[in-house]
Amino acid sequence: MAREGFSKDPFNIVITGVGGQGNVMASRVLANMLAAAGYRITIGETFGASQRGGSVMSHIRVSRTSVWSPQIPSGGADIVVSLEPIEALRVLPAYGNRQVRVFTNTRPIYPVGVIAGEQDYPESAALEQAIAGLCSGLWLVDATDRAVALGNPILANIVMIGALCTIGELPVGRDAFRNVVARTLPAEKLDVNLQAYDEGGRILRRCS
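Q: Quick one: what's the story with the pairing of strand S3 (residues 55-63), residue by residue and with numbers?
A: Most of S3 sits out of view: eight of its nine residues are buried. Here strand S1 (residues 11-18) pairs with S3 via eight bridges, running antiparallel. Looking at S3, one finds that Thr 16 is bridged to Met 57. As defined by bridge partners, strand S2 (residues 40-46) adjoins S3 across seven bridges and the pair is classed as antiparallel. Residue pairing in the sheet places Gly 44 in a bridge with His 59 of S3.

Here is the structure:
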């Protein structure tokens, strides 16, 4: 259930992933949901080598009263949403703190160096332990698996939004998501996006 407001102002959200995962779309959807609820939103985006599968990061700053700089200050994130697990580990040393909460997709995307055998990708248990040591709460979401079951792996970004909106920290929920998607995407994509959002909620409720 959505809460009435945020615990602090501004409230800072980082959404991170690699190019091709729909990171920017996820940040825009969430920002539009919050803007429709009456909040002032500032987005800062870092694309990196997005066309080559490089890191992509969006900063979303949410305030009831003010417009803030698009750059979240060092150690200033309240929530990190990671569409790829190692990207959470990249972000947390710069923007994490003792209170930050992290949602991460469990499916890795291996960089070229790993595929070529030149680098190692951390074992999942070690990676999860490292992330957990840098935050106050960690939710592991098998978003890509659920998205594939729905017919399109890129829907993992929407599964993650559904998971995020289920913990009750944000003052928006399914109705706000439906309104944004209905306004911004073709009508034939509404149902599958709602299914992806609902999958994220189901995962989180099982973890609670």
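Now that the structure is up, let's keep going.
Q: Please give an account of the side chain of Arg 101 that cites residues and values.
A: You can see Arg 101 is positioned in strand S5 (residues 101-105). From its side chain, Arg 101 meets the backbone oxygen of Gln 99 in a polar contact 3.2 Å long. Arg 101 has contacts with Phe 11, Asp 78, Ile 79, Val 80, Ser 136, Gly 137, Trp 139 and Glu 169, leaving out every residue within four places of it along the chain.

Q: Let's hear about the side chain of Gln 21: which residues, and what values?
A: By secondary structure assignment, the location of Gln 21 is in the loop between S1 and helix H1 (23-36). Under the relative-accessibility criterion, Gln 21 is labelled buried at 12%. Reaching out from Gln 21, the side chain makes a polar contact with the backbone nitrogen of Val 18 at a distance of 3.0 Å. Side-chain polar atoms of Gln 21 contact the backbone oxygen of Leu 83, separated by 2.8 Å. Beyond its immediate chain neighbours, meaning those up to four positions away, Gln 21 contacts Leu 83, Glu 84, Asn 105, Ile 109, Ile 154 and Asn 157.

Q: Break down the pairing of S5 for me, with residues and values.
A: Counting buried residues along S5, five of its five residues qualify, which places the element largely inside the surrounding structure. What you see with S5 is no split at all: Arg 101, Phe 103 and Asn 105 on one side and Val 102 and Thr 104 on the other are buried throughout. The pairing of strand S4 (residues 79-82) with S5 spans four bridges and is classified as parallel. Within S5, the residue paired with Ser 82 across the bridge is Thr 104. Regarding topology, helix H2 (residues 85-95) serves as the crossover connection from S4 to the parallel S5, and that connection is right-handed. Relative to strand S6 (residues 137-141), S5 runs parallel, the two sharing five bridges. In the strand pairing of S6, Asn 105 is matched with Val 141.

What counts, and at which threshold
- Residues numbered from 1 in each chain as written.
- Predicted model: local features only at pLDDT ≥ 70, side-chain atom pairs only at ≥ 80, totals over all residues.
- Heavy atoms only, no water.
- Buried < 20%, exposed > 50% of the residue type's maximum accessible area, 1.4 Å probe, protein only.
- Helix = DSSP H or I, 4+ residues; strand = E, 2+ residues; numbered from the N terminus.
- Pairing = 2+ DSSP bridges.
- Polar contact = N/O pair within 3.5 Å; in protein donor to acceptor, adjacent residues only side chain to side chain.
- Contact = heavy atoms within 4.5 Å.
- Right-handed = clockwise from strand over helix to strand, strands pointing away.

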